[in-house]
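Architecture and fold: a report
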Amino acid sequence: MVPDAAAADEEKCLTDGMGRLQHNAFYMHRALDSNNLKDALRYAGQMLSELRTSSLSPHKYYELYMRAFDELRKVEMFFVEETRRGTYSVTDLYELVQHAANILPRLYLLCTVGSVYIKSKEAPAKDVLKDLVEMCRGIQHPVRGLFLRSYLSQISRDKLPDIGSEFEGGANTVNDAIEFVLQNFTEMNKLWVRMQYQGPIGEKAKRGKERSELRDLVGKNLHVLSQLEGVDLDMYKETVLPRILEQVVNCKDELAQHYLMDCIIQVFPDEYHLQTLETLLSAFPQLQPTVDIKTVLSLLMDRLSNYAVSSTEVLPEFLQAEAFAKLNSAVGEVIEAQVDMPISGVITLYVSLLTFTLRIHPDRIDYMDQILGACVQRLSGKTKVEDSKATKQIVALLSAPLEKYKDISTALNLPNYPRVMDHLDNATNKVMSAIIIQNIMKNNTCISTADRVDTLLELIKGLVKETDEAQDDELDEEDFKEEQNSVARLIHMLRTDDAEEMFKIISTVRKHILLGGPKRLAFTVPPVVFSALKLLRHLQNQDGDVNGQEVSVTQKKIFQFLHQTIEALSSVPSPELALKLYLQCAEAANDCGLEPVSYEFLTQAFILYEEEMADSKVQVTAIHLIIGTLQRMNVFGIENRDTLTHKASGYSAKLLKKPDQCRAVYACSHLFWVNEQDGVKDGERVLLCLKRALRIANAAQQMNATRGSSGHVTLFIEMLNKYLYFLEKGNPQITSSAIHDLIDLIRTEIQSDNTTSDPSANAFFSSTMRYIEFHKQKGGSVGENYEQIKV
Amino acid sequence: MVLVLAIGDLHIPHRAPDLPAKFKSMLVPGKIQHILCTGNLCIKEVHDYLKSLSPDLHITRGEYDEDVRYPENKTLSIGQFKLGLCHGHQIVPWGDLDSLAMLQRQLDIDILVTGHTHQFKAYKHEGGVIINPGSATGAYSSMTYDVNPSFVLMDIDGLRVVVYVYELIDGEVKVDKIDFKKTATTQSAH
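In this report, the structure presented in the accompanying data block is examined. (Residues numbered from 1 in each chain as written. Chains lettered and ligands numbered in written order. Predicted model: local features only at pLDDT ≥ 70, side-chain atom pairs only at ≥ 80, totals over all residues. Heavy atoms only, no water.)

Focus on the packing of aromatic side chains
Summed over all chains, the structure comprises 27 aromatic pairs over all chains. With 6.1 Å between their ring centres and 40 degrees between their planes, Y582 of chain A and F601 of chain A make a pair best called tilted. Here Y582 of chain A, found in helix α30 (residues 575-592), pairs with F601 of chain A, found in helix α31 (residues 595-612); they are 19 residues apart in sequence, far enough to count as distant. Among the residues examined, Y582 of chain A registers a relative accessible area of 3% and is labelled buried. The buried category is assigned to F601 of chain A, whose relative accessible area is 2%. Counting every residue linked through ring pairs, the aromatic cluster contains Y61, Y62, Y65, F69, Y108, F147 and Y151 of chain A. The residue whose ring lies beneath K121 of chain A is F167 of chain A, and the NZ or CZ to ring-centre distance is 5.4 Å. When the ring centre of Y64 of chain B is taken as reference, the NZ or CZ atom of K580 of chain A above it lies at 5.3 Å. (Phe/Tyr/Trp six-rings, centres within 6.5 Å; stacked < 30°, edge-to-face > 60°. Helix = DSSP H or I, 4+ residues; strand = E, 2+ residues; numbered from the N terminus. Buried < 20%, exposed > 50% of the residue type's maximum accessible area, 1.4 Å probe, protein only. Lys NZ or Arg CZ within 6 Å of the ring centre and 35° of its normal.)

Right, dumping it as structure tokens:
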């Protein structure tokens, strides 16, 4: 039948059934009102016959049942009234209702009377309950039976001879209550399981769905048991749990087993689970192989994890119960037993176990390693894990100790940690590596031994090493940069104050980054270089303490190291960066007093300038950096210094654009005048430079005049400022006439018709003139120089 | 009251992993009107971070900056003051106040913010004020030994600017302040 038509059909069936039910209920009430018990019972029987239907799905049957349930409450009230009044005795009623024609209505009525019977206390509760639970066996149809027994459970709930209840006493003990509930549970489970085998084979899925709808009816019994006062830990341990587990295992039904195990864990207190761990866990391997045990086991471990942190008094119980050992072997057994469990399932189990262990035994690093080791075992023999669910779980597994311990050293000390990471494919390794780096940065952890650095960089090799995989090319450029920049930042966290060890660390780091290939070196080389330079400084500070010989050897080693490291950039190629780094090293060597080393670095910088810098903008920056560095150096003897300054000035004059040439050349003037006490103060060479720069400025003027622009005026004003600078510093070669000439030249240019007005140049000139005026008026030693200047 | 943050030479990630935590907690978005950054960030992430602190961000190029499009120098007006920004590696001798003063005259500004030396300086001369906020991360410098992380906050109010310098010394943030007043007679010939 077409589903819609079937559904419509069912709906009609329900509506019809409801109609008839209400119809009979109406007459039943009329009979009750006129105290006509016989008729009332007859109508009741007819009403309850609606529940004999086989045409409704459980979902719809439930509606019918609920209506009948409501009606029966009124019947029960009537029974209570009548027995109190003495019109009928309970035993009479018990007898009378059995006249109902069909067994199902008969049993519903019997249960209803039974409730009254127990309340009246004319018979011991246990006897009535026993009777009823046995009689319900008469209904073997699953759906009808389940609802009938559910009815029995509902109405008996408040009448169980629990400890402290009014129905306890004499022969009635809580054991009877437990026995009753257990029996009802067992029978209900059997009925529920039987549903699986009913109906045509093709409708298996439908049956599964229908069974799911009814599962809470069965589970309710467990809930009732958990609520009984009399079910304390001992009772649970001795009687309740073993009986429940017996049924669960014996029913051999996948759906029932999964649901009921889940139910047990959720319904009974965690404290009980802890104390019955062995019993509970022993059931797992006995379950059907298709049961998804891992979710149940994970649920158990997670609940116990939460229980552990709920209060500090709880932890010792865990130790006493040897929870870890039991769970550990249970996990192992389950994985052994379920051969087909996918790897993601296996890892999920270990994640739950690890989380549990981190909470209960945070100090037992050996347990963590054990768990990781078990994972390694399961993963070995397989190629790199590619299943995304599994990789997600492995990432969760590896992240858990990081979050807990904050200090990555703990994770690094677990021998199995890197082994687990080995099984990740490259993409997942990168994900995990990023997590590791984040952890280090967030917690500001320093990794302070070369060994640990080595382990760490090996761990995160997905980010550090170049691989052949095409994945490298596919990576988004922005992402790649971010990735490599995080590695660069990490390098600064790899340090220690012990100089020997620090050198080992940077050597180790370099070893790893050299495997990164040209794309990564531009990011990773600078931090290594600066770490080395910092180490050098550190050594310099210690200079006084250590005997000079040893120290300088290590200094030389570091400079060698620096040289080799920067050389690696030629494979990228990255000449601009290399030039800058060479200049840094040159200055550092200068500070250590190592003339040849410094000279060598400057040579390398010049070579790069000559051979690799074609772009004129790049050249301008580079030459200023060279001049600026050279200007600060005092370690050179005359010959070396001459060679270098000559080269610098030469290149300055050869820059492409005239203004750039001019500026670079006058910058060179500072190479010959150092303001420090013992600094070179070669006035003539300074003047030579300035004159050369002035010639270039003039040439620029010629070129601009043909175009009618006036940019060169600024150059002249700059020259003027430079002349003034050296005048102030006391360079005897600077004459006031040269300055006057310049001032006149500038004035002429500004006022000239050929050039367009340049407000910024005018402002520059004005402020320069004000500067002169200021110093003239101020007088003093500086003012003396200005005496000659006429404005 | 206009707050201007002067900051630079972070050298992330070449020479330092990040800004000091104490600085980060002080630099809260929405409180600062302008940021003048001397350069050498060096990467986009730092740019984005500064941008999050204040929408009006000005950066000049440092020699290690990843983004080569930053200008060599920049001028802007804030209130009554004309400010200029330049990293400083272009001015030889590096850190030389007289040479920097020449740049100041050239740009016709009251306050020149510059960096490169990683050493805090606030220097008043006849033409105005030169401020070097130092290195915000305490990054290595060939020119300065023992660099303490530092940055500068300027409070511009009318003709007065109060310069607050924040330095991280031995794990503690120390603040110092310097007052500068602009004389109304400092006019440029326009």
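So, unusual backbone geometry
Residues and elements named next belong to chain A. With omega at -10 degrees, the peptide bond leading from V572 into P573 counts as cis. With respect to the helices, strands and loops of the structure, P573 is situated in the loop between α29 (548-567) and α30. The phi angle at N35 is positive, at roughly 55 degrees, despite the residue not being glycine. Mapped onto the fold, N35 is located in the loop between α1 (3-33) and α2 (37-49). A positive phi angle is found at K252, which is not glycine, with a value near 50 degrees. Mapping K252 onto the fold places it in the loop between α10 (233-251) and α11 (254-267). What makes K252 exposed here is its relative accessible area of 52%.

Description of the interface of chain B and chain A
A common measure of how large an interface is: the accessible area buried when the components associate. Facing the 36 residues of chain B at the interface are 50 residues of chain A. Summed over both partners, the interface of chain B with chain A comes to about 4,000 Å²; 55% of that surface belongs to carbon and sulfur atoms. Here K481 of chain A and E66 of chain B are joined by a salt bridge, their closest N and O atoms 3.7 Å apart. Taken together, chain B and chain A are joined by 19 residue pairs in polar contact (both at pLDDT 80 or more). Breaking the side of chain B that touches chain A down by element, the ones donating at least two residues are α2 (44-53) and α3 (97-107) of chain B. Its residues assigned to classes, the side of chain B that touches chain A comprises 14 nonpolar, ten polar and twelve charged. (Contact = heavy atoms within 4.5 Å. Buried area = accessible area lost by both parts, 1.4 Å probe. Salt bridge = Lys/Arg side-chain N within 4 Å of Asp/Glu carboxyl O. Polar contact = N/O pair within 3.5 Å; in protein donor to acceptor, adjacent residues only side chain to side chain. Nonpolar A, V, L, I, M, F, W, Y, C, P; charged D, E, K, R; others polar.)

Topic: the sheet that holds strand β2 (residues 34-37) of chain B
All names here are of chain B. What the six strands build is an open sheet, ordered β3-β2-β1-β9-β10-β11; its pairing is mixed. Edge positions in the open sheet fall to β3 (56-59) and β11 (172-181), since each of these has one partner strand only. Within the sheet, the average angular offset between the axes of one strand and its neighbour, ignoring direction, is 20 degrees. Here strand β1 (residues 2-7) runs beside strand β9 (residues 150-157); their pairing, made up of five bridges, is antiparallel. (Pairing = 2+ DSSP bridges. Axes fitted to C-alpha atoms, helices over the stretch in contact; angles between N-to-C directions.)

Points about the sheet that holds strand β8 (residues 128-132) of chain B
Residues and elements named next belong to chain B. Spatially, β4-β5-β6-β8-β7 is the arrangement adopted by the five strands of the open sheet, whose pairing is mixed. Each having just a single partner strand, β4 (73-78) and β7 (121-125) make up the two edges of the open sheet. If you compare each strand with its neighbour and ignore which way they point, the axes differ by 20 degrees on average. As defined by bridge partners, β4 adjoins strand β5 (residues 81-86) across six bridges and the pair is classed as antiparallel. Opposite I78, over in β5, you have F81 as the bridge partner. Strands β4, β5, β6 (111-114), β7 and β8 of the sheet are contacted by α3, whose axis makes an angle of about 120 degrees with β8.

Distances and angles like these do not, on their own, reveal function.
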